[in-house]
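# Architecture at a glance
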Amino acid sequence: GACGGCGEAPYIKLVSQLFGDRAITACASGCNVAYSFALGSNPYCTNSEGRGPASAHSLFEDTAEFGFGIARTRRIRREHFAEDVSKLVAAGTPSSELAALLSRWAENRMDGAMSEVARKGIVPMLDTERQKNPQLEGIWRNRELFTKASVWCIGGDGWANDIDYGGLDHVLMNTGEDIKVLVLDTEVYSNTGGQKSKGTPMGSVHKFEASGK
């Protein structure tokens, strides 16, 4: 859905290719939202398991804080999930084979790629055992938490350099959360016609602000 020759789309495509099966993106209002959230369409692909990027769109001015909330919530949910898994393993609830896999997952759960590999081995066995052992049902319902998500905030320079700069600065400097930011620096406010932003080179004149829009 991006315009022909758009410089933003290749970078978003690269994120989806590298992290797509576990990516969660918080997107600022802008062109990336226009072509990623167009009504009735979804540009993102899924793998053979049906897993692909999950995208959420909040307001133009709070995408950093929105993404921070996603990352923090996910981390806290996984901490509780890991505690539940450890208690069940300690109690001898799963089979020894499944317990070994769960223990290995617990050791590597903060590594995104390794947590995803562990999930693929655990889920089929967990599905079989939960049918005979109701105590495993809680883990099964929250099995998405086996994978450590890769959380991204995506927006243009109008968002990152201007309207949400304070929020972005706070999230990057003070939170300690594992969160990534992709700034699509088009050097203008692209989605509202191309006015100057703080990413605009000094002295340049753009088509949609030359006459004072």
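Thresholds applied
Residues numbered from 1 in each chain as written. Predicted model: local features only at pLDDT ≥ 70, side-chain atom pairs only at ≥ 80, totals over all residues. Heavy atoms only, no water. 1 Å grid on protein atoms, 1.4 Å probe; cavity = no way out; pocket = protein on both sides within 12 Å on 5 of 7 lines; lining within 4 Å. Points joined across faces, edges and corners; volume = space filled by probe spheres on them. Helix = DSSP H or I, 4+ residues; strand = E, 2+ residues; numbered from the N terminus. Nonpolar A, V, L, I, M, F, W, Y, C, P; charged D, E, K, R; others polar. Axes fitted to C-alpha atoms, helices over the stretch in contact; angles between N-to-C directions. Left-handed = near helix turned anticlockwise from the far one by under 90°. Contact = heavy atoms within 4.5 Å. Salt bridge = Lys/Arg side-chain N within 4 Å of Asp/Glu carboxyl O. Buried < 20%, exposed > 50% of the residue type's maximum accessible area, 1.4 Å probe, protein only. Core = buried A, V, L, I, M, F, W, Y, C linked by side-chain atoms within 4.5 Å. Parallel < 35°, antiparallel > 145°, perpendicular 65-115°, else oblique.

### Remarks on the layout of surface pockets
- Looking at the largest pocket, its volume works out to about 320 Å³.
- If you trace the largest pocket, you find 19 residues lining it, with Lys 13, Ser 16, Pro 43, Tyr 44 and Cys 45 closest to the centre.
- Going through the elements one at a time, helix H1 (9-19) and helix H2 (31-36) are the ones with two or more residues in the lining of the largest pocket.
- Partitioning the lining of the largest pocket into residue classes produces 8 nonpolar, 8 polar and 3 charged.

### A look at the packing of helix H3 (residues 63-90) against helix H4 (residues 96-108)
- Viewed as axis vectors pointing N to C, H3 and H4 meet at an angle of 145°, and their least axial separation amounts to 10 Å. As for the relative orientation of H3 and H4, their crossing is left-handed in sense. Along the contact surface, H3 presents Arg 78, Phe 81, Ala 82, Val 85 and Val 89, while H4 presents Ala 99, Leu 102, Ser 103 and Trp 105.
- Of the residues contributing to the contact of H3 with H4, the split by class is 7 nonpolar, 1 polar and 1 charged.

### Concerning the pattern of salt bridges
- Tallied over the entire structure, the rule returns 13 salt bridges.
- One salt bridge in this structure joins Glu 79 and Arg 75, with 2.9 Å as the shortest N-O distance. With Glu 79 and Arg 75 both in helix H3 and 4 residues apart, this pair spans about one turn of that helix.
- Given the relative accessible area of 29%, Arg 75 is considered partly exposed.
- Between Lys 180 and Asp 178 there is a salt bridge, with its nearest N and O atoms 3.7 Å apart.
- Of the residues examined, Lys 180 reaches a relative accessible area of 28% and is grouped as partly exposed.
- Beyond isolated ion pairs, a larger network of salt bridges with shared partners links Glu 49, Arg 51, Glu 116 and Arg 119.

### A word on empty space enclosed by the protein
- One pass over the structure, following the stated rule, counts 1 cavity of 30 Å³ or more.
- By volume, the largest cavity amounts to about 30 Å³.
- Every residue along the wall of the largest cavity is listed here: Ile 12, Val 15, Ser 16, Ala 23, Thr 25, Tyr 44, Pro 53 and Ile 154.
- Counting residues per element, the ones that place at least two in the lining of the largest cavity are H1 and strand E1 (23-27).
- For the lining of the largest cavity, the element with the most residues is H1, which contributes 3 residues.

### Some details on the nonpolar core
- By size, the foremost hydrophobic cluster in this structure holds 16 residues, and its most contacted members are Phe 81, Leu 98, Trp 105, Ile 122, Leu 126, Ile 139 and Phe 146.
- Those elements that place two or more of their residues in this core are H3, H4, helix H5 (112-130) and helix H6 (137-141).
- Those residues in contact with Ile 122 that lie beyond four places of it in its chain are Leu 98, Leu 101, Leu 102, Trp 105 and Phe 146.
- Grouped together as the second largest cluster of nonpolar side chains are 14 residues, Ile 24, Ala 64, Ala 71 and Val 171 included.

### A few points about the packing of H4 against H5
- It is at 10 Å that the axes of H4 and H5 come closest, and there the two elements cross at 155°. As far as their axial angle goes, H5 and H4 are roughly antiparallel. For H4 against H5, the interelement crossing comes out left-handed. Of H5, the residues touching H4 (which contributes Glu 97, Leu 98, Leu 101, Leu 102, Trp 105 and Asn 108) are Met 114, Ser 115, Ala 118, Gly 121, Ile 122, Met 125, Leu 126 and Glu 129.
- Here the residues of the contact of H4 with H5 are counted per class, giving 9 nonpolar, 3 polar and 2 charged.

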